[in-house]
Amino acid sequence: MIRKAEVKDLDRIMEIIKATIAEMKTYGNTQWDENYPQKNDFIGDVESGSLYVSEENGELYGFICANFVEPDEYKDIRWASDEKCLILHRMSINPKYRNQGTATKLIEFAEKTAKENGCLISFDPNLRPPLWESLELARTQMEYGFANCDILKISDNEIQFVSGKEDYDEGIQYLMDKYNIPLILLTMGADGSRAYYKGQKVEQAGFEVDTIETTGAGDTFCGSALNYILEHDLQNLSETELAEMLKISNAAAALVTTKKGALKSMPEKEEINYLIH
């Protein structure tokens, strides 16, 4: 069952965090480390009533923190839109209970909360094969996301994996026909990105930078695109706006690769504009 977390759950949550960080290190992911997240982060989540756990037979299978509160790190950002957004701050599954549907249940819970509050649903599969018992199971869960999203951000290797087609355009058309997704954003690494929207295909080249590591590039691209969409209207995006959105998102993603880490490497709007111009 999914229930609100209590203070007594924190030690077990931190055990899950410790195991998750150790696993992330094995495939070079540094987004979580010994400095974040800390127990104090979860104390605040419990006090605000925004931390939920999945519990079965007295065992914690996983947790998710979901609310409409903007993190302190983003307080100084001058957002162009004040649209209500459900934010998933932290989520992890106990390694002992992976591949049992816990993540799906937690995401479905968050999605239901978002839809009840009139939010758009975006989806980034972020496929990591080592985390899955089988790639077929990964495909099944990705298909759930495709069927329920308004905006899809997907990478070149992911579209080939899920569609079975080498040609990106054919793969995207497969998703469009099957799931009727309003907007699909395809990222192609250093080669740039494409937007597929109402029968249009718009492409923008990537930016050449001195890359240190690519952690967070996809998340930065996606976040930048979502911010642009909130500034405009998902139902009425022009070809010019799609191109501008891709250029901004490409630039932001390129810049984040020039520094170590992810969250603390997020570029300022001025940095993005400087790279573009």
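Preceding block: the structure.
Let us look at the structure shown here. If you're wondering where the values come from, they're calculated on a predicted model, not measured in any experiment.

### Digging into the nonpolar core
Grouped burial of nonpolar side chains is what soluble globular proteins tend to show.
Then comes step 1: Grouped together as the largest cluster of nonpolar side chains are 30 residues, with contacts concentrated most on Phe146, Leu152, Ile154, Val162, Leu175 and Ile184.
Then comes step 2: For this core, the secondary structure elements donating two or more residues are strand E3 (59-67), helix H3 (102-116), helix H4 (135-148), strand E6 (151-155), helix H5 (156-163), helix H6 (168-179) and strand E7 (183-187).
Then comes step 3: Ranked by size, the runner-up nonpolar core spans 19 residues in total, among them Tyr197, Ile229, Leu237 and Ala253.

### Topic: the pairing of strand E9 (residues 200-204)
Then comes step 1: Where strand E8 (residues 193-197) and E9 come together, 5 bridges link them in antiparallel fashion. Across the sheet, Arg194 pairs through a bridge with Glu203, a residue of E9.
Then comes step 2: A loop of 2 residues connects E8 with E9, the two strands running antiparallel in sequence, and Lys198 in this loop sits at a positive phi of about 50°.

### Re the sheet that holds E9
Then comes step 1: Judged by pairing direction, the sheet is mixed, and its 5 strands sit side by side in the order E5-E6-E7-E8-E9 without closing on themselves. Of all the strands in the sheet, the pair left with one neighbour each is strand E5 (122-123) and E9.
Then comes step 2: Bridge analysis of E7 against E8 gives 5 bridges, and the strand direction is antiparallel. Looking across to E8, one finds that Thr187 is bridged to Ser193.
Then comes step 3: Sitting on the sheet, H5 is in contact with E6 and E7, with an inclination near 100° to E6.

The rules we used
- Residues numbered from 1 in each chain as written.
- Predicted model: local features only at pLDDT ≥ 70, side-chain atom pairs only at ≥ 80, totals over all residues.
- Heavy atoms only, no water.
- Core = buried A, V, L, I, M, F, W, Y, C linked by side-chain atoms within 4.5 Å.
- Buried < 20%, exposed > 50% of the residue type's maximum accessible area, 1.4 Å probe, protein only.
- Helix = DSSP H or I, 4+ residues; strand = E, 2+ residues; numbered from the N terminus.
- Pairing = 2+ DSSP bridges.
- Contact = heavy atoms within 4.5 Å.
- Axes fitted to C-alpha atoms, helices over the stretch in contact; angles between N-to-C directions.

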